[in-house]
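Here are the chains, one letter per residue:
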Amino acid sequence: MAAVTHSAPLDRLMRPLHHWIWSDRDRRLRKLLTFADVETDGGRDILRAAEVTPDPLLRRLYLEHAIDELHHGDLFRDRSAALWRARSGRRRVLLSGNPLPGGHGLDDLKIEGEPDHRLLAFLHVAEKSAAGRFAIYRELVDDDPATREIFEEILRDEVFHMNYTYTQLARVAPHSYRRHVWYARAKRLWNRYLRVAAALAGVAGNALLALMYFVVLPPFAWFAKRAERREAAGFLSVSRGRRDAAPRSQY
Amino acid sequence: MKILGISAHYHDSAAALVIDGVPVCAVQEERLSRQKNDARFPLGAIDWCLVSAGLEPNDLDAVVFYERPMLKFERILTSALRGFPRSWRSFPHAIKNTLGEKVWVRGIIASHLGIARDRILFTDHHAAHAAAAFLTAPTARAAILTADGVGEWATLTIGRGDRRSGGVTDIALQQEVRYPHSLGLLYSTMTAYLGFNVNEDEYKVMGLAGYGRPTLLSEVRKLIRRLPDGGFALAPEYFEFQTTAERSYSAKFIDLLGSPRHRYDPIDLASPDGQRFADCAASLQCVLEDVLVDIAARLRLQTGLDDLCFAGGVALNGVANARLLRESGFSRLFVPSAPGDAGCALGAALYADRIYFRNPDREVPDHPFWGPVVDASQLARAAHEDNQPVSELDDERINARVADEIAAGCIVAWMDGACEFGPRALGHRSIFAAPHDESIRERLNRDIKRREEFRPFAPVVTAEAAHRFFDMPAGGERLARYMSGVFPVRAEWRSRLAAVTHVDGTARVQVLERSMAPRLYALLEACARRGGVPILLNTSFNIAGEPIVTHALEGYTTFRRSGIDLLVAGSTVVSKRAPAGKESDAWSSSSAAASTVA
């Protein structure tokens, strides 16, 4: 397994960051919750692929792959729940999810209308990358045998996923499978860039709107609060104007 | 006249097509996109409606959106202003969310469908709810009650609907309760407090209520103040949904009811905390029912009408619906198959047809089956290709076989004709099992549905036999037509219907008339002849977190990866072959070579 689950150079470079994440129980828990969602969403996407592919062999393989992914989601969720229950300071707010937008399952890829070779190439690259990263995580959770065992099990499945996707890609696109893999790698990189860019744009947008909130809104807020005090609670008559609102009006 | 109704951007989006005053198709986007509660603009649903009716977008006379987006934006902005400065964190999110897509609905519809902007119309959110309830109900005149989280400003409306001679129809919503005072938001806040997903898991709170006692009534009544006019007002100090996106209840709410449950904490009913959560749910349920019954009873007195049409997300609460029927004075209570926002797509289209265009009233077929039809040949082909045992049988032999299998303790998935419009599986996309044995409930939860143990399963029963097993008031069969009411199981049958009897002795029963689903009705008769009762446990054909299946292949993949024993679609029956080994085993030998190439 070690031969096929070596990590990417970037992941090896980021090992200190991974160590920082997995060394803290809360961060570990948050990461596991994110994995649970991503694996489950990914499993559902692959399930969809099984439903739409015209190729019977691929349908069987996708189905098995989807079952694995959904099972992984359950494993991560159960482990998260166990870690949650074991937490001492329960009062702390636990943020869930990834700060970067997107990244849910295979949301970079539209399953319907996507040819099998493109999906297989995408899955192969994604599985290989995940296997490499999980191999690092497995080493970083030595202090937590239950979590380590989950990574062990998932890594075994990832080897199958990596291999069947590549073998099948070579079957369905015998003359161009290498090109499809490179294309999938490039697209993955581009999607990562887009996610980071969207996250940065989101932060900038939030900052701008927050500034506007404190600079522009105060006088309007004063009027709004004043009007609110005059509003009656309970049943209000629906005004004739409201009842006769024009069909084309958005107000 | 061809009118397309659309609901989108909040709960589950949907599209519905009305031609010459009669619905011809309606489907939720989630059923096609396979994303549970998909709230995105329903391109797939629109496309399916047009294709199935053989129309191009330009053939449409009007496209109607189910609410007025700018009025809703006004409410969001006003809410942020009123919450100043505490709303600073939710403001950017709310503005980006709204300005990103929601206020540009007219442009979105025009660009996607390529139709003239003057053919795009809007209805009030609660008018669409009212139309969905009244214009689909077989009644000439009725009082109307709508209640949900919030539409534009209204959260609850009352009024009446009339079908006059000559086909003229009128819907008049006369009074409303406005945001932030909302029964739906009160229920959602408790949903969040109990660690469930808001706008999705409210029915879990209702299920949990069965395990509790209303010991916290005085506390819950502090959350909602009753007013002399029959209305209500939420006590703002207990809520934060106006100011933050992260949490809908305040610190004072926690002081009142204790610490909230985290979604990963188990609900252990034997523990004090578990019992407290169940009591919270029971107390809230009781208060909700009290308010609804009071409002409905006043409405009955005001209108003097015998029928009540009820829609909005709150109308999904079957326990409250049954109490409304018993105590409000109305003889009949009509709740549509899709009372939530998805149903507004159909409601908006019907409202435009009858009210905007003043077209004469037409009788609407009294069934919920408006979605895509199952193609059994797809199932047969996939099962053959996968070497699963497939047989083609006539109806009589299918019924005999399914009745035998169910009697033997098997679990059967059943797909028949067009799928249901709305959240309930009413016999066209269902999983059936014997209603007798409690162990079947455990098996369903463990191997198929993978959901909380406290949630009950529902029965389906033939209309003729319903009163023998269930204690329903007059009008109860109508309410139970779309599984919208929870009624007591008669005491002498509870032990024999253990799989479908909730802990409090009730069941959310579906009463089936032969004309609505003849094949299922025949199956129920076959089960009765087999020595049992004309009742089956009926649960939706899906796995937790996924939408109900629509097409044959979705049913097939769900069947293959769950503990379902038999799958029936039309005349095709697929049973499960014991697994011969994982597909991966066959591929493991090539793994090393493949990986080195990669």
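Rules used in this analysis
All chains use their own residue numbering, which begins from 1 and follows the written sequence. As they are written, the chains are lettered A onward and the ligands numbered 1 onward, keeping that order. Note on the predicted model: pLDDT of at least 70 is required for a residue's local features to be given, and 80 or more for side-chain atom pairs to be given and counted; whole-chain, interface and lining totals, by contrast, use all residues. Here, residues touch in the contact sense if the C-beta positions derived from the backbone fall within 7 Å of one another. Each helix is a run of DSSP H or I of at least 4 residues and each strand a run of E of at least 2, with the numbering of both proceeding from the N terminus. Under the scheme applied, nonpolar residues are Ala, Val, Leu, Ile, Met, Phe, Trp, Tyr, Cys and Pro; charged residues are Asp, Glu, Lys and Arg; polar residues are all the others, including Gly. When DSSP locates at least two bridges between a pair of strands, those strands are taken to pair. Every axis corresponds to a line fitted to the C-alpha atoms, with the helix fit spanning only the stretch in contact, and the corresponding angles, defined between N-to-C directions, vary from 0 to 180 degrees. Any residue with 12 or fewer other C-beta atoms within 10 Å of its own C-beta is exposed, any with 20 or more is buried, and the rest are partly exposed; the C-beta atoms used are placed from the backbone. Domain start and stop positions are those given by an automatic or database domain assignment. An angle below 35 degrees is read as roughly parallel, one above 145 as roughly antiparallel, one from 65 to 115 as roughly perpendicular, and any other as oblique. Crossing handedness is read from the near helix: turned anticlockwise from the far helix by less than a right angle, it gives a left-handed crossing, and turned clockwise, a right-handed one.

Taken together, the 50 residues of chain A in the interface contact 55 residues of chain B. Per-element tally for the side of chain A that touches chain B: the top contributor is helix α7 (residues 177-230) of chain A, with 12 residues. For the side of chain A that touches chain B, the class distribution of residues is 30 nonpolar, 10 polar and 10 charged. Across two bridges, the pairing between strand β1 (residues 236-237) of chain A and strand β8 (residues 169-178) of chain B is antiparallel. Paired with Ser237(A) across the strands is Gln175(B), a residue of β8(B).

All right, on to the sheet that holds strand β2 (residues 14-19) of chain B then. All names here are of chain B. Pairing within the open sheet is mixed, and its five strands lie in the order β3-β2-β1-β4-β5. Edge positions in the sheet fall to β3 (22-28) and β5 (120-122), since each of these pairs with one other strand and no more. Each strand of the sheet is rotated relative to its neighbour by a mean of 20°, with strand direction disregarded. In the sheet, strand β1 (residues 2-7) pairs with strand β4 (residues 62-65) via four bridges, with the strands oriented parallel. Residue pairing for β4: Gly-5 is matched across the bridge by Val-64. Running over the sheet, helix α5 (residues 105-113) touches β4 and β5 and is turned about 140° from β4.

All names here are of chain B. Residue Pro-85 is reached from Phe-84 by a cis peptide bond, and omega for that bond is 0°. Among the secondary structure elements, Pro-85 is positioned in the loop between α3 (69-82) and α4 (90-100). Geometrically, the link from Tyr-179 to Pro-180 is a cis peptide bond, its omega value of 10° lying close to zero. If you trace the backbone, Pro-180 turns up in the loop between β8 and α7 (183-193). In this model, Arg-34 sits at a positive phi of 65°, which is unusual for a non-glycine residue. Position of Arg-34 among the secondary structure elements: in the loop between α1 (29-33) and α2 (43-53). Phi is positive for Asn-387, which is not a glycine, with a value near 60°.

Here the focus is the environment of Tyr482(B). All names here are of chain B. Considering the arrangement of structural elements, one finds Tyr-482 in the loop between α18 (476-480) and β19 (487-488). You can call Tyr-482 buried: it has 25 C-beta atoms within 10 Å. C-alpha separation for the pair Tyr-482 and His-367, spaced 115 residues apart in sequence, amounts to 8.6 Å. The residues touching Tyr-482, leaving out its near neighbours within four places in the chain, are Val-335, Ser-337, Pro-368, Gly-422, Arg-424 and Leu-426.

Another aspect to go through is the domain arrangement of chain B. Residues and elements named next belong to chain B. For chain B, the assigned domains are domain 1 (1-66 + 68-122 + 341-366), domain 2 (137-337) and domain 3 (370-575). Relative to domain 3, the C-alpha centre of domain 2 lies at a distance of 29 Å. Listed as interface residues are 19 residues of domain 2 and, on the opposing side, 25 residues of domain 3. Counting residues per element, the ones that place at least two in the side of domain 2 that touches domain 3 are α8 (202-209), α12 (318-327) and β12 (332-334). The leading source of residues in the side of domain 2 that touches domain 3 is α12, at six residues.

So, about the packing of helix α3 (residues 25-52) of chain A against helix α20 (residues 552-560) of chain B. Their axes nearest at 9 Å, the elements α3(A) and α20(B) cross at an angle of 125°. As judged from the angle between their axes, α3(A) and α20(B) are oblique. Every pair of crossing elements has a handedness; the one defined by α3(A) and α20(B) is right-handed. Contact with α3(A), carried on its side by Leu47(A), Ala50(A) and Glu51(A), involves Leu553(B), Glu554(B) and Thr557(B) of α20(B) and no other residues of that element. Of the residues that constitute the contact of α3(A) with α20(B), the class distribution is three nonpolar, one polar and two charged.

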